[in-house]
Amino acid sequence: MAKQRKEEGSANVLSMFEQSQIQEFKEAFTIMDQNRDGFIDKADLRDTFAALGRMNVKMEELEAMIKEAPGAINFTAFLTMFGEKLKGTDPEEIILNAFRVFDREGKGYIKADYMKEVLMTQADRFTEEEVKQTFSAFPPDPSGYLDYKNLVYVITHGEEND
């Protein structure tokens, strides 16, 4: 009976995603499972952060991340956690409307310097490092503007590989 429930749970998790998404999550899981034991633990998270250039991750941060899971983080648990996080993801139009608040002229882009100021002074304020990380993932164009329509598309659909 317990095995049947487990298999039903796995099927439910798999049905939440398209096959291409499952493959992307599998690749991410494999990258994060640094010691290749089939589970993500604190050491794997620490090594993953180090590979991304963040060497000073506190043990408390790693423990908090691990505690988000109800148990050991195997691939099924990993998928389940992403599914739960993505359930609350806003539809594309809602995210676009949020950016449009900052696009007073309705052109589809925002001056990067203005966005940086907003990010660092309003609500959940970003640090200088967080702004740098954001802009490195979504860099402004040569004239200093952020194409937020493209950014929203990537957030809601993922980036297409050519």
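Residues numbered from 1 in each chain as written. Predicted model: local features only at pLDDT ≥ 70, side-chain atom pairs only at ≥ 80, totals over all residues. Heavy atoms only, no water.

A look at the overall build of the chain
Right, so step 1: The helix and strand inventory of the chain stands at nine helices and two strands.
Right, so step 2: Looking at the 162 residues of the chain, the share that counts as buried comes to 23%.
Right, so step 3: Considering only contacts within the chain whose residues lie at least 6 apart along the sequence, 52% involve residues at least 24 apart.
Right, so step 4: Counting every atom, the chain has about 11,700 Å² of accessible surface; 53% of that belongs to carbon and sulfur. (Helix = DSSP H or I, 4+ residues; strand = E, 2+ residues; numbered from the N terminus. Buried < 20%, exposed > 50% of the residue type's maximum accessible area, 1.4 Å probe, protein only. Contact = heavy atoms within 4.5 Å. Areas by Shrake-Rupley, 256 points an atom, 1.4 Å probe, with all protein chains shown as cover.)

Side note on the UniProt feature "domain: EF-hand" (unreviewed entry) in the chain
Right, so step 1: Sites flagged by UniProt as "domain: EF-hand" (unreviewed entry) map to residues 20–55 and 90–125.
Right, so step 2: Within residues 20–55, the helical portion is 64% and the strand portion 0%, while the C-alpha atoms at the span's ends are 32 Å from each other. (UniProt positions renumbered as here; feature names shortened; annotations may be inferred.)

Looking at the nonpolar core
Right, so step 1: Phe25, Ile40, Ile73, Phe75, Phe78 and Leu79 are the most contacted members of the largest nonpolar core, which has 16 residues in total.
Right, so step 2: When residues in this core are grouped by element, the largest group, four residues, is from helix α5 (residues 75–87).
Right, so step 3: In this structure Phe78 touches Phe25, Ala28, Phe29, Met32, Ile40 and Ile73, once residues within four positions along its chain are discounted.
Right, so step 4: Counting residues in each nonpolar core, the second largest holds 14 residues, with Ile95, Leu119, Leu146 and Val152 among its members. (Core = buried A, V, L, I, M, F, W, Y, C linked by side-chain atoms within 4.5 Å.)

Some thoughts on the environment of Asn35
Right, so step 1: Positionally, Asn35 belongs in the loop between α2 (19–32) and α3 (42–51).
Right, so step 2: The spatial distance from the C-alpha of Asn35 to the C-alpha of Asp47 is 9.3 Å, given a sequence separation of 12 residues.
Right, so step 3: Ignoring sequence-local partners within four residues, the contact set of Asn35 consists of Asp41 and Asp44.

Comments concerning the pattern of salt bridges
Right, so step 1: Summed over the entire model, instances satisfying the criterion amount to five salt bridges.
Right, so step 2: Notably, a salt bridge pairs Lys107 with Glu105, separated by 2.9 Å at the nearest N-O pair. (Salt bridge = Lys/Arg side-chain N within 4 Å of Asp/Glu carboxyl O.)

Overview of the packing of aromatic side chains
Right, so step 1: Taken as a whole and judged by the stated rule, the model has six aromatic pairs.
Right, so step 2: With a centroid separation of 5.7 Å and an interplanar angle of 75°, the aromatic rings of Phe29 and Phe75 are classed as edge-to-face. Placement of the pair is Phe29 in helix α2 and Phe75 in helix α5, with a sequence separation of 46 residues.
Right, so step 3: Assessed through its relative accessible area of 16%, Phe75 is described here as buried.
Right, so step 4: Aromatic pair Tyr109 and Tyr145: ring centres 4.9 Å apart, planes at 80°, arrangement edge-to-face. Note that Tyr109 is positioned in strand β1 (residues 109–111) and Tyr145 in strand β2 (residues 145–147), a separation of 36 residues in sequence.
Right, so step 5: Looking at Tyr145, the relative accessible area reads 29%, which means it is partly exposed.
Right, so step 6: Among the aromatic residues, ring-to-ring pairing joins Phe29, Phe75 and Phe78 into one connected group. (Phe/Tyr/Trp six-rings, centres within 6.5 Å; stacked < 30°, edge-to-face > 60°.)

Structural notes on the side chain of Asp44
Right, so step 1: Mapped onto the fold, Asp44 is located in helix α3.
Right, so step 2: Lacking a salt bridge, the buried Asp44 has Arg36 as its closest oppositely charged neighbour, with an N-O distance of 7.0 Å.
Right, so step 3: Side-chain polar atoms of Asp44 contact the backbone nitrogen of Asn35, separated by 3.2 Å.
Right, so step 4: Excluding residues within four positions of it along the chain, Asp44 makes contact with Met32, Asp33, Gln34, Asn35, Asp37 and Phe39. (Lys, Arg positive; Asp, Glu negative; His and termini not counted. Polar contact = N/O pair within 3.5 Å; in protein donor to acceptor, adjacent residues only side chain to side chain.)

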